[in-house]
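# A look at the structure
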There are 2 protein chains.
Amino acid sequence: MAPKATAATKPAPATDVTRLRMALARLGRRLRQEGTAIDDVTPSQVSAMASLDQLGAATLGELAAAERIQPPSMTRIVARLEEGGFVSRTVDQTDRRCVRVELTPAGSEFLTRSRTRRDAYLTDRVADLSPDEQALLADALPILEQLLGEER
Amino acid sequence: MAPKATAATKPAPATDVTRLRMALARLGRRLRQEGTAIDDVTPSQVSAMASLDQLGAATLGELAAAERIQPPSMTRIVARLEEGGFVSRTVDQTDRRCVRVELTPAGSEFLTRSRTRRDAYLTDRVADLSPDEQALLADALPILEQLLGEER
DNA sequence: CCTTGCTAATTATCCTGGCTAAGGAATGGC
DNA sequence: GCCATTCCTTAGCCAGGATAATTAGCAAGG
């Protein structure tokens, strides 16, 4: 939808967008920090595994695209994950240029544990809110998800 | 927080927290990507300038604390910013161990331009929402800020 | 004083995580 | 069979974190 810009839209004057942007950026950063350093698995690695969990299995290129990074970066990340036994890399037999990456059981299990752990911080924070605030947040959640758009 | 599950508390069962966490993490990441590489100034540098803008002026240590990074990292960031003419570093005359860092006019001006630019992505996204959704988002904003807590 | 101890910043070094550029292997069209 | 294309990897760059160790300045106490 083009900038319909019935500008009036007082809902989001520049200042609010700025505040929202800063709040989101900081929260994202905070969450990333909190989730970091679990068992020597880095945030990028966890993120890659999460994508893999969603995708089921994927070629290295697909995975890179999902993570919005370039293939070489993903090569490195996957290499480490493989070392750790969290994913398996197998050459696709129908097209031997491709590498199929899959979560191993260990990877899956790690991902689950990791999620719980990463939720903890936010859970605590949310618990400090009043019920009304929590309700408001719950209402806003779908919108936040919508902001992410259809891309992935 | 145990699943208290008294009616009211349905707002944030584990799944919602997970969804929220993922949405926030992704949005944060997306924003970071979008805001990147403006004029060769990196996200960390912009962020440091933003803190500086808020704080007015600060010692290097205060700045590092505000950005939640270690002093050595801030030393480097500030060094680059100084090279670029965005901040000035002066030794505090009352305590010559301290370095006072301040935004230069150029830094201020850059920050303003940068904000506008970095807002653009989010502004577009928000514009795609219905007025109701925008209103909801505006209501949720203070709560998101509260999630960040008193820390900074 | 001047020594002892603390604090602020810096320097040195390491690792991760992006990137691009360039190379190698497999595919597929012709 | 050759050529272009595609997918991955390797090599090398730079930023951004970190820690450990060093230097400079301050503040007391003997």
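The notes below deal with the structure included here.

This brings us to the protein's contact with DNA strand C. Close to DNA strand C lie 22 residues, the nearest being A:Thr42, A:Gln70, A:Arg76, B:Leu60 and B:Gly61. When the atoms of DNA strand C within 4 Å of the protein are sorted by group, sugar and phosphate make up 70%. The contact in question runs from a phosphate oxygen of DNA strand C to an N or O atom on the backbone of B:Leu60, over 3.2 Å. A distance of 2.8 Å separates a phosphate oxygen of DNA strand C from a polar atom in the side chain of B:Arg89. Elements supplying a minimum of two residues to the surface near DNA strand C: helix H4 (71–84) of chain A together with helix H3 (60–66) and helix H4 (71–83) of chain B. The element best represented in the surface near DNA strand C is H4(A), accounting for five residues.

Turning our attention to the interface of chain B and chain A. Contacts between chain B and chain A engage 56 residues on the former and 57 residues on the latter. Taking both sides of the interface into account, the surface hidden between chain B and chain A amounts to around 5,900 Å²; carbon and sulfur atoms contribute 62%. Interface area lost by chain B to chain A is led by B:Arg21, B:Leu147 and B:Leu148, which between them contribute 12%. The interface formed by chain B and chain A contains five salt bridges. Here B:Arg29 ties to A:Glu67 by a salt bridge, and the two come within 3.3 Å at their closest N and O atoms. Where chain B meets chain A, there are 10 residue pairs in polar contact (both at pLDDT 80 or more). Put simply, the parts of the chain that give the side of chain B that touches chain A at least two residues each are helix H1 (14–34), helix H2 (43–55), helix H5 (105–127) and helix H6 (131–147) of chain B. Here the side of chain B that touches chain A is composed, by residue class, of 27 nonpolar, nine polar and 20 charged.

With that settled, the discussion passes to the nonpolar core. Grouped together as the largest cluster of nonpolar side chains are 32 residues, with contacts concentrated most on A:Leu24, A:Leu144, B:Leu24 and B:Leu144. At the level of secondary structure, the elements contributing two or more residues to this core comprise helix H1 (14–34), helix H5 (105–127) and helix H6 (131–148) of chain A together with H1, H5 and H6 of chain B. Residue contacts for A:Leu144: discarding those within four places in its chain leaves A:Leu24, B:Leu20, B:Ala23, B:Leu24, B:Leu27 and B:Leu137.

Let us look at the packing of aromatic side chains. Residue and element names in this part refer to chain B. Tallied over the entire structure, the rule returns two aromatic pairs over all chains. An angle of 55 degrees between the planes, with centres 5.1 Å apart, marks the rings of Phe-86 and Phe-110 as tilted. In this pair, Phe-86 is assigned in the loop between H4 and strand E2 (87–91) and Phe-110 in helix H5, connecting sequence segments 24 residues apart. Taken as a pair, Phe-86 and Phe-110 share a single burial class, namely buried.

Looking now at the sheet that holds E2(B). Residue and element names in this part refer to chain B. Read from one edge of the open sheet, three strands run E1-E3-E2, paired in antiparallel fashion. Taken across any chain shown, the strands that pair with only one partner, and hence form the sheet edges, are strand E1 (57–59) and E2. Each adjacent strand pair in this sheet contributes to an overall mean axis angle of 25 degrees, direction not counted. In this structure, E2 lies alongside strand E3 (residues 99–103), joined through five bridges in antiparallel fashion. The residue of E3 that forms the bridge with Val-91 is Val-99. The sheet strands contacting H4 are E2 and E3, and the helix crosses E2 at an angle near 115 degrees.

Below, the discussion takes up unusual backbone geometry. Residues and elements named next belong to chain A. The residue Arg-68 is not glycine, and still its phi comes out positive at about 60 degrees. Looking at the element boundaries, Arg-68 is found in the loop between helix H3 (60–66) and H4. Taking relative accessible area as the criterion, Arg-68 reaches 34% and is therefore assigned partly exposed.

What counts and how
- Residues numbered from 1 in each chain as written.
- Chains lettered and ligands numbered in written order.
- Predicted model: local features only at pLDDT ≥ 70, side-chain atom pairs only at ≥ 80, totals over all residues.
- Heavy atoms only, no water.
- Near = heavy atom within 4 Å.
- Polar contact = N/O pair within 3.5 Å; in protein donor to acceptor, adjacent residues only side chain to side chain.
- Helix = DSSP H or I, 4+ residues; strand = E, 2+ residues; numbered from the N terminus.
- Contact = heavy atoms within 4.5 Å.
- Buried area = accessible area lost by both parts, 1.4 Å probe.
- Salt bridge = Lys/Arg side-chain N within 4 Å of Asp/Glu carboxyl O.
- Nonpolar A, V, L, I, M, F, W, Y, C, P; charged D, E, K, R; others polar.
- Core = buried A, V, L, I, M, F, W, Y, C linked by side-chain atoms within 4.5 Å.
- Buried < 20%, exposed > 50% of the residue type's maximum accessible area, 1.4 Å probe, protein only.
- Phe/Tyr/Trp six-rings, centres within 6.5 Å; stacked < 30°, edge-to-face > 60°.
- Pairing = 2+ DSSP bridges.
- Axes fitted to C-alpha atoms, helices over the stretch in contact; angles between N-to-C directions.

Distances and angles like these do not, on their own, reveal function.
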